[in-house]
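So you can see what is in the structure, the chains are spelled out below.
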Amino acid sequence: MFEKLEMAPADPILGLTEAFNNDPNPTKVNLGVGVYKDETGITPIMNSVRRAEGMLLETETTKGYLPIPGAPAYGKVVREFLFGQDSAYPAATAHTPGGTGALRVAGQFLKKINPNATVWVSDPTWPNHNGIFGDAGFTVEKYTYYNAQTRTLDFNGMLASMKTMAAGDIIILHACCHNPSGIDPAVEQWEQIAQVINEKSLLPLMDFAYQGLGRGLDEDAEGLRIIAAAVEEIVVCSSFSKNFGLYKERVGAITLKAGSTETVDKAFSNLKTVIRRLYSNPPAHGGAIVTTIMNDTTLRAEWEDEVAQIRRRIAEMRELFVAILKAKGVERDFSFLTSQYGMFSFSGLNPEQVKTLREKNSIYIVGSGRINVAGMTKANMEPLCAAVAKVL
């Protein structure tokens, strides 16, 4: 059977990293994969995480399975993180293997309970959204989001797209730090989005992977909390890869919120059957780290400061990139980068320019022109901007 197979195409983002790793150029720059890098070009381990791990190693007594949805303490921490410590929504949380695992569980669960729905993703979106929900058996359509000419949110177009959706359809919303554009709705726009969701009887699925990397931990949750307050039923797929640096620990969660505890319990029982058939139980270590930090006043304060440092560095790289390009005489206005949030932005570079940067300068960028701003450093900024200026 295997001999009949053809080579599958490389993942457009992870395949780019493979090419980067094989490139012998010592000055190569990776602006493709969505992983945070510090000023030295590495993905650091937070000090709060190291300390929490030390505490866990000293106190751990078993390697037994977790329950299907993970540790209850982890679920409680996740819900407080998403909705606020004073929230009292009827909701339940399952610990998943990363944010991608949460989305895959959501796809299977939603297909089981709402098989005829269409899943709507923003245009553009994280490419894996299409694959995950397509593999779950859904028809995946796009709604208007990004205006490439003005490099802003096409909000009127977004609302118009939403009004064409059918009752019961599923709309995937990036809760903050939109990937790949870096453009988020304002508070007033989130309120209008919630209104249309109710008018059209849609089910919102909030993909929340970057809390704390945009404007702040609570500020980045404003959109989610507006939707949660206004809409009875929502699904939230969240991740601690970026804001805790727990990439390889695969620490994610899927949270269901409904109108009553009874409704949540019924829905969650069905969600657990999906998890049982996919991977049975979640990994324990990463979730225990998050739970330990969030429940320890000293560790949490240290972690919040470390997240703020990440956020400030990303904003600084955006500003520096714009300033150096301008200093090099680039006439194109890149100032839009400084009004966006999170690790990603559309650079406006076309596929030919991206190809030239890779072949001549070992600068790796996704073909769409999406750049990971966190891959920039003060050390590589000058040659990076020189190369970009040359291809414009």
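Quick summary incoming for the structure in this document. (Residues numbered from 1 in each chain as written. Predicted model: local features only at pLDDT ≥ 70, side-chain atom pairs only at ≥ 80, totals over all residues. Heavy atoms only, no water.)

**Observations regarding the overall build of the protein**
Alright, step 1. Within the protein, the secondary structure is distributed over 14 helices and 13 strands.
Alright, step 2. Over its C-alpha atoms the protein spans a radius of gyration of 21 Å, differing by no more than 12% from the 21 Å that the globule rule assigns to 392 residues.
Alright, step 3. Dimensions of the protein along its principal axes, counting C-alpha atoms only, are 60 × 55 × 55 Å.
Alright, step 4. Per-residue burial for the protein yields a buried fraction of 51% across its 392 residues. (Helix = DSSP H or I, 4+ residues; strand = E, 2+ residues; numbered from the N terminus. Rg over C-alpha atoms; globule rule 2.2 N^0.38 Å. Buried < 20%, exposed > 50% of the residue type's maximum accessible area, 1.4 Å probe, protein only.)

**Thoughts on the packing of aromatic side chains**
Alright, step 1. A full pass over the atoms with the stated rule returns 12 aromatic pairs.
Alright, step 2. Measuring from ring centre to ring centre gives 5.8 Å for Phe81 and Trp303, while their planes differ by 55°; the resulting arrangement is tilted. A residue pair is termed long-range when its members are at least 10 positions apart, and Phe81 in helix 3 (residues 72-83) and Trp303 in helix 12 (residues 297-327) qualify at 222 residues. Residues Phe81 and Trp303 agree in their burial class; the two are buried.
Alright, step 3. A centroid spacing of 6.5 Å and a plane angle of 50° characterise the contact between Phe133 and Phe138, whose relative ring orientation is tilted.
Alright, step 4. Assessed through its relative accessible area of 6%, Phe138 is described here as buried.
Alright, step 5. Three or more aromatic residues link up through ring pairs in this structure, and these residues are Tyr74, Phe81, Phe240, Phe244 and Trp303.
Alright, step 6. Taking the ring centre of Phe20 as reference, the NZ or CZ of Lys28 above it sits at 4.6 Å.
Alright, step 7. The lysine or arginine in question, Lys257, covers the ring of Tyr89, its NZ or CZ lying 5.0 Å from the ring centre. (Phe/Tyr/Trp six-rings, centres within 6.5 Å; stacked < 30°, edge-to-face > 60°. Lys NZ or Arg CZ within 6 Å of the ring centre and 35° of its normal.)

**So, the sheet that holds strand 8 (residues 203-208)**
Alright, step 1. Strand order in the open sheet formed by 7 strands is 2-10-9-8-7-3-4, with mixed pairing between adjacent strands. The sheet is open, and its two edges are formed by strand 2 (91-97) and strand 4 (139-144), each paired on a single side. Direction aside, neighbouring strands of the sheet carry axes that sit 25° apart on average.
Alright, step 2. Bridge count for strand 2 against strand 10 (residues 251-257) is 7 bridges, and the pairing is antiparallel. Each residue of the ladder has a partner; that of Ala91, found in strand 10, is Lys257.
Alright, step 3. Packed on one face of the sheet, helix 7 (residues 187-200) meets strand 7 (170-174) and strand 8 and runs near 170° to strand 7.
Alright, step 4. On top of the sheet, helix 8 (residues 222-230) reaches strand 8, strand 9 (234-239) and strand 10; it is set at about 155° to strand 8, its chief contact. (Pairing = 2+ DSSP bridges. Axes fitted to C-alpha atoms, helices over the stretch in contact; angles between N-to-C directions. Contact = heavy atoms within 4.5 Å.)

**With respect to the pattern of salt bridges**
Alright, step 1. A complete count under the given rule lists 10 salt bridges for this structure.
Alright, step 2. Between Lys76 and Glu80 there is a salt bridge; the shortest N-O distance is 2.7 Å. Taken as a pair, Lys76 and Glu80 lie in helix 3 at a separation of 4 residues, close to a single helical turn.
Alright, step 3. Salt-bridge contacts for Arg215 lead to Glu222; the nearest nitrogen and oxygen are separated by 2.9 Å.
Alright, step 4. Overall, Arg215 belongs to the partly exposed group, its relative accessible area being 38%. (Salt bridge = Lys/Arg side-chain N within 4 Å of Asp/Glu carboxyl O.)

**Digging into the packing of helix 12 against helix 14 (residues 378-391)**
Alright, step 1. For the pair helix 12 and helix 14, interaxial distance at closest approach is 10 Å and the crossing angle is 45°. With respect to helix 14, the axis of helix 12 lies oblique. Crossing angle aside, the handedness with which helix 12 passes helix 14 is right-handed. In contact with Glu316, Met317, Leu320, Phe321, Ile324 and Leu325 of helix 12, helix 14 contributes Lys378, Met381, Glu382, Leu384, Cys385, Val388 and Ala389.
Alright, step 2. Counted by class, the contact of helix 12 with helix 14 contains 10 nonpolar, no polar and 3 charged residues. (Parallel < 35°, antiparallel > 145°, perpendicular 65-115°, else oblique. Left-handed = near helix turned anticlockwise from the far one by under 90°. Nonpolar A, V, L, I, M, F, W, Y, C, P; charged D, E, K, R; others polar.)

**A closer look at the nonpolar core**
Alright, step 1. By size, the foremost hydrophobic cluster in this structure holds 74 residues, and its most contacted members are Met162 and Ile193.
Alright, step 2. Looking at this core, the element that brings in the most residues is helix 3, giving 6 residues.
Alright, step 3. Ignoring any residue separated from it by four or fewer positions in sequence, one finds Ile193 in contact with Phe155, Met158, Leu159, Met162, Leu173, Pro185 and Ile227.
Alright, step 4. Formed by 29 residues, the second largest nonpolar core is a distinct cluster that contains Leu103, Ala106, Ala117 and Ile170. (Core = buried A, V, L, I, M, F, W, Y, C linked by side-chain atoms within 4.5 Å.)

**Looking at the layout of surface pockets**
Alright, step 1. One number sums up the size of the largest pocket: a volume of about 620 Å³.
Alright, step 2. Among the secondary structure elements, those contributing two or more residues to the lining of the largest pocket are helix 4 (98-113), helix 5 (128-135), strand 8, strand 9 and helix 9 (241-244).
Alright, step 3. Looking at the lining of the largest pocket, its residues break down into 16 nonpolar, 10 polar and 5 charged.
Alright, step 4. What the second largest pocket holds in volume is close to 520 Å³.
Alright, step 5. In this structure, the second largest pocket is lined by 24 residues; those nearest its centre are Glu60, Leu66, Ala284, His285 and Ala288.
Alright, step 6. Of all the secondary-structure elements, those providing two or more residues to the lining of the second largest pocket are helix 2 (47-59), helix 3 and helix 11 (285-294).
Alright, step 7. At 5 residues, helix 11 tops the list of elements feeding residues into the lining of the second largest pocket.
Alright, step 8. For the lining of the second largest pocket, the class distribution of residues is 11 nonpolar, 11 polar and 2 charged. (1 Å grid on protein atoms, 1.4 Å probe; cavity = no way out; pocket = protein on both sides within 12 Å on 5 of 7 lines; lining within 4 Å. Points joined across faces, edges and corners; volume = space filled by probe spheres on them.)

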